[in-house]
Amino acid sequence: MASSLAKASTGTPGSEKTFFGHPRGLATLFMTEMWERFSYYGMRALLVLYLVSGGAEAATGSQGGGLAMTMATATAIYSVYVAMVYLMAMPGGWFGDRVWGARKTVAIAGIVIMAGHGSLALPGQAAFFAGLALVAIGSGLLKANISTMVGHLYDGPDDSRRDGGFTLFYIGINLGAFVAPFIVGTVGEKVNWHLGFLLAAAGMGIGLTQFLFGTKHLSAQSSVVPNPLSQAERKSLLVKAALVVVVAAVFYGIVIGLDMFTLNWALVPITLAGLIIPVAVLVRIKRDKDLDKTEQSKMTGYIWFFVAAAVFWMIYDQGGSTLSLFADGKTSGTVFGLGFPATWYQSLNPLFVMSLAPVFAWLWLWLARKNQEPNTIVKFSMGLVLVGASFFIFIVPMNMASDGTKVTPLWLVSIYMIQTIGELCLSPVGLSVTTKMAPKKYASQMMGVWFLAVTAGDCTTGLLSLAGVDLNGIGIIAMQASLAVAAGFAIFMYRKKVQTLMGGVH
């Protein structure tokens, strides 16, 4: 990265150098996020395959035994884990705003994530679940604060470099996600699962080290606690937290003592919480009497987008579970005679994002100049229809593989590409419409509300798995595809009503 740094005439926080014309601190945050995503996506590529692997002689060829769980249980655990990562973004942001400040929170998050991957590198279910919890908590703490620190590098929202800086930062996210399956995935799947998890820990360790050395380039604002807790609030919080811990300890102590404990005793409450909390947050905001009539109308309109996004992520995030299991067991692992591990499929999405995002950015601008750019509602509809179409296409190779035939990898390549196009229609627009429709009182919290749509979608998947629904069956795949397409058409058909609720937001 040193070669990309050049002298700049304008001052930036902590240095006279720039990173591709941006504040030098962006390089620190770029590398931190890249390595964090390397660790996260590397571990995620291994997660479901490790859970279903039965031992050293598993079909994957790994030299280390997995946990020998059923596909349904593995899918449920994966879904709950991803849901918790996004759910933790809200308390993560709260810690940054009220307890530690963004910079300290990110540093602590890096340590927690590294410890989590280190725990995953140890054998046994206890270490595995402890590791998952730590990674989810750490990822939530980091996710909510590192983007805020990027914003601190610029001179307010009107700084002309701001959008470009976030674009570079977004490239770091996808670069780490793209590389991880080739390194962490290959070593974990083909050599030893736990060594793969250890590589993920090492990746986070590199990111944390360079973050700590590079903090001098960050804005001083990143160390400020914007709204610190009062002594009374801190005491009340500690009492409530201790009470929750004691109640949970007593309850699960009784369950274990009666020899009734199964994995569902842990997964079901977490999954239900992941569904209840997003609904409760939306209801609380919607019923706030401080909101004026226009803000109330916008929140009603926003609920349409929230539900649509939850349906989208319910299908999209199965790229690391349902599609991953299909890749491992029913897809040929060779192209032009060259073999490759199933984890490599997890690199397709970030590859397509990096390739297609500039194309879509150009396309929307080109259509806007011709006054033909689709509005937010139409883009959401397109995203839903595309993700539904990807699962309709998925039914074809599932039928082909039903007799034991291994299908060509091109089926999964096409499915991941269609889902990525859907993501580019929906995800950036969702972030934008969230900021535009947020009531003033909740301006800083609404981004966390957007992430709760991911939580709700993944918890729906997890609950279906825990209820005994086979998410790897053709029937449920067709049902989910139909739901997404129907939701896309419903939003399109009611677009005038939704547009009215949105007020002046387009």
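See the structure above.
Residues numbered from 1 in each chain as written. Predicted model: local features only at pLDDT ≥ 70, side-chain atom pairs only at ≥ 80, totals over all residues. Heavy atoms only, no water.

Peer 1: What exactly am I supposed to notice about the overall build of the protein chain here?
Peer 2: Across its full length, the protein chain holds 17 helices and five strands. For the protein chain, whose C-alpha radius of gyration is 23 Å, the value lies close to the compact-globule estimate of 23 Å for 506 residues. Dimensions of the protein chain along its principal axes, counting C-alpha atoms only, are 60 × 55 × 50 Å. The buried share among the 506 residues of the protein chain stands at 52%. On the protein chain, roughly 22000 Å² of surface is accessible, and the fraction owed to carbon and sulfur atoms is 68%. Measuring between centres, the 33 positive side-chain charges of the protein chain sit 7 Å from its 23 negative side-chain charges. (Helix = DSSP H or I, 4+ residues; strand = E, 2+ residues; numbered from the N terminus. Rg over C-alpha atoms; globule rule 2.2 N^0.38 Å. Buried < 20%, exposed > 50% of the residue type's maximum accessible area, 1.4 Å probe, protein only. Areas by Shrake-Rupley, 256 points an atom, 1.4 Å probe, with all protein chains shown as cover. Lys, Arg positive; Asp, Glu negative; His and termini not counted. Charge placed at Lys NZ, Arg CZ, Asp CG, Glu CD.)

Peer 1: Can you walk me through helix α2 (residues 71-87) in this structure?
Peer 2: An ideal rise of 1.5 Å per residue puts 24 Å on 17 residues; α2 measures up with 24 Å between its terminal C-alpha atoms. Judged by how many residues are buried, α2 sits mostly within the fold: 14 of 17 residues are covered. (Expected span 1.5 Å × (residues − 1).)

Peer 1: How do you make sense of unusual backbone geometry when you look at a structure like this?
Peer 2: The phi torsion of most residues other than glycine is negative, and most of the peptide bonds are trans. Notably, D259 is not glycine yet its phi reads approximately 60°, a positive angle. Within the secondary structure, D259 sits in the loop between α8 (231-257) and α9 (264-286). Take D259: its relative accessible area is 71%, and that puts it in the exposed class. The phi dihedral of N371 is positive, around 60°, even though this residue is not glycine. Along the chain, the position of N371 falls in the loop between α12 (348-369) and α13 (376-400).

Peer 1: Explain the side chain of N145 here, please?
Peer 2: Its place among the elements puts N145 in helix α5 (residues 125-152). Each residue touching N145, except ones within four places of it in the same chain, is listed here: G92, G93, G96, A102, T105 and V106. (Contact = heavy atoms within 4.5 Å.)

Peer 1: How do you make sense of the side chain of S427 when you look at a structure like this?
Peer 2: Note that S427 resides in helix α14 (residues 410-437). S427 gets classed as buried once you look at its relative accessible area, which sits at 13%. In this structure S427 touches W313 and W450, once residues within four positions along its chain are discounted.

Peer 1: Where do I start with the packing of aromatic side chains in this structure?
Peer 2: Two measures describe an aromatic ring pair: the distance that separates the ring centres and the angle between the ring planes. Counted under the stated rule, the structure contains 27 aromatic pairs. For the ring pair F251 and Y252, a centre distance of 5.1 Å and an interplane angle of 85° mean the geometry is edge-to-face. The exposure class assigned to F251 is partly exposed, which follows from its relative accessible area of 40%. Judged by its relative accessible area of 24%, Y252 is partly exposed. When the ring of F312 is compared with that of W313, the centres are 5.0 Å apart and the planes differ by 85°; the resulting orientation is edge-to-face. Both residues of the pair, F312 and W313, belong to the buried class. By way of ring pairs, the aromatic residues Y50, F128, F129, W193 and F197 are connected into one cluster. Above the ring of Y40, the side-chain terminus of R37 is found at 4.3 Å from the ring centroid. (Phe/Tyr/Trp six-rings, centres within 6.5 Å; stacked < 30°, edge-to-face > 60°. Lys NZ or Arg CZ within 6 Å of the ring centre and 35° of its normal.)

Peer 1: I'm lost on the pattern of salt bridges in this one. Help?
Peer 2: Two side chains of opposite charge can pair, provided their charged atoms sit close to one another. One pass over the structure, following the stated rule, counts three salt bridges. Residue R37 pairs with E36 through a salt bridge whose shortest N-O separation is 2.7 Å. For the salt bridge of E233 with R98, the shortest nitrogen-to-oxygen distance reads 2.9 Å. With E233 in helix α8 and R98 in helix α3 (residues 89-98), this pair connects stretches of sequence that are 135 residues apart. Accessibility expressed as a relative area gives 34% for E233, which makes it partly exposed. On the basis of relative accessibility, which here comes to 15%, the residue R98 falls in the buried class. (Salt bridge = Lys/Arg side-chain N within 4 Å of Asp/Glu carboxyl O.)

Peer 1: When you look at the packing of α5 against helix α6 (residues 162-190) in this model, what are you seeing that I'm missing?
Peer 2: Axis angle and axis distance: for two packed helices, these are the angle between their axes and the distance between the axes, and together they describe the pair. Where α5 meets α6, the closest approach of the two axes is 10 Å, and the angle between their N-to-C directions is 145°. In this structure, α5 meets α6 at a crossing whose hand is right-handed. Note on element contacts: α6 touches α5 through R162, F166 and F169, opposite I146, S147, V150 and G151. Here the contact of α5 with α6 is composed, by residue class, of four nonpolar, two polar and one charged. (Axes fitted to C-alpha atoms, helices over the stretch in contact; angles between N-to-C directions. Left-handed = near helix turned anticlockwise from the far one by under 90°. Nonpolar A, V, L, I, M, F, W, Y, C, P; charged D, E, K, R; others polar.)

Peer 1: What is the right way to read the packing of helix α1 (residues 25-52) against helix α7 (residues 193-214) from this model?
Peer 2: Look at α1 against α7: their axes get within 8 Å of each other, and the N-to-C directions meet at 165°. In this view, α1 runs roughly antiparallel relative to α7, as classed from their interaxial angle. The way α1 lies across α7 gives a crossing that is left-handed. Its residues assigned to classes, the contact of α1 with α7 shows 16 nonpolar, nine polar and one charged. (Parallel < 35°, antiparallel > 145°, perpendicular 65-115°, else oblique.)

Peer 1: How should a nonpolar patch on the surface be read in this particular structure?
Peer 2: Together, V246, V250, I254, L258 and M260 make up a nonpolar patch on the protein surface, roughly 470 Å² of accessible area in all. Judged by relative accessible area, which is 49%, V246 ranks as partly exposed. (Patch = residues over 30% accessible without salt bridge, like charges linked within 9 Å, V, L, I, M, F, W, Y side chains within 5 Å.)

Peer 1: So what exactly am I meant to see when it comes to the nonpolar core here?
Peer 2: Across soluble globular proteins, nonpolar side chains show a tendency to be buried alongside one another. In this structure, Y81, F128 and Y302 are the most contacted members of the largest nonpolar core, which totals 99 residues. Filtering out sequence-adjacent residues up to four positions away, Y81 remains in contact with Y40, M43, L47, L132, V135 and A136. Within the second largest apolar cluster, 25 residues are counted, among which are F19, A27, Y154 and I173. (Core = buried A, V, L, I, M, F, W, Y, C linked by side-chain atoms within 4.5 Å.)

Peer 1: Just to check I follow, could you spell out the environment of A220 for this structure?
Peer 2: Secondary-structure assignment places A220 in the loop between α7 and α8. Classification of A220 by relative accessible area gives exposed; the value is 61%. As for A220 and L153, which are separated by 67 residues in sequence, their C-alpha atoms are 9.2 Å apart.

Honestly, that's just the spatial picture; any functional story needs more than this.
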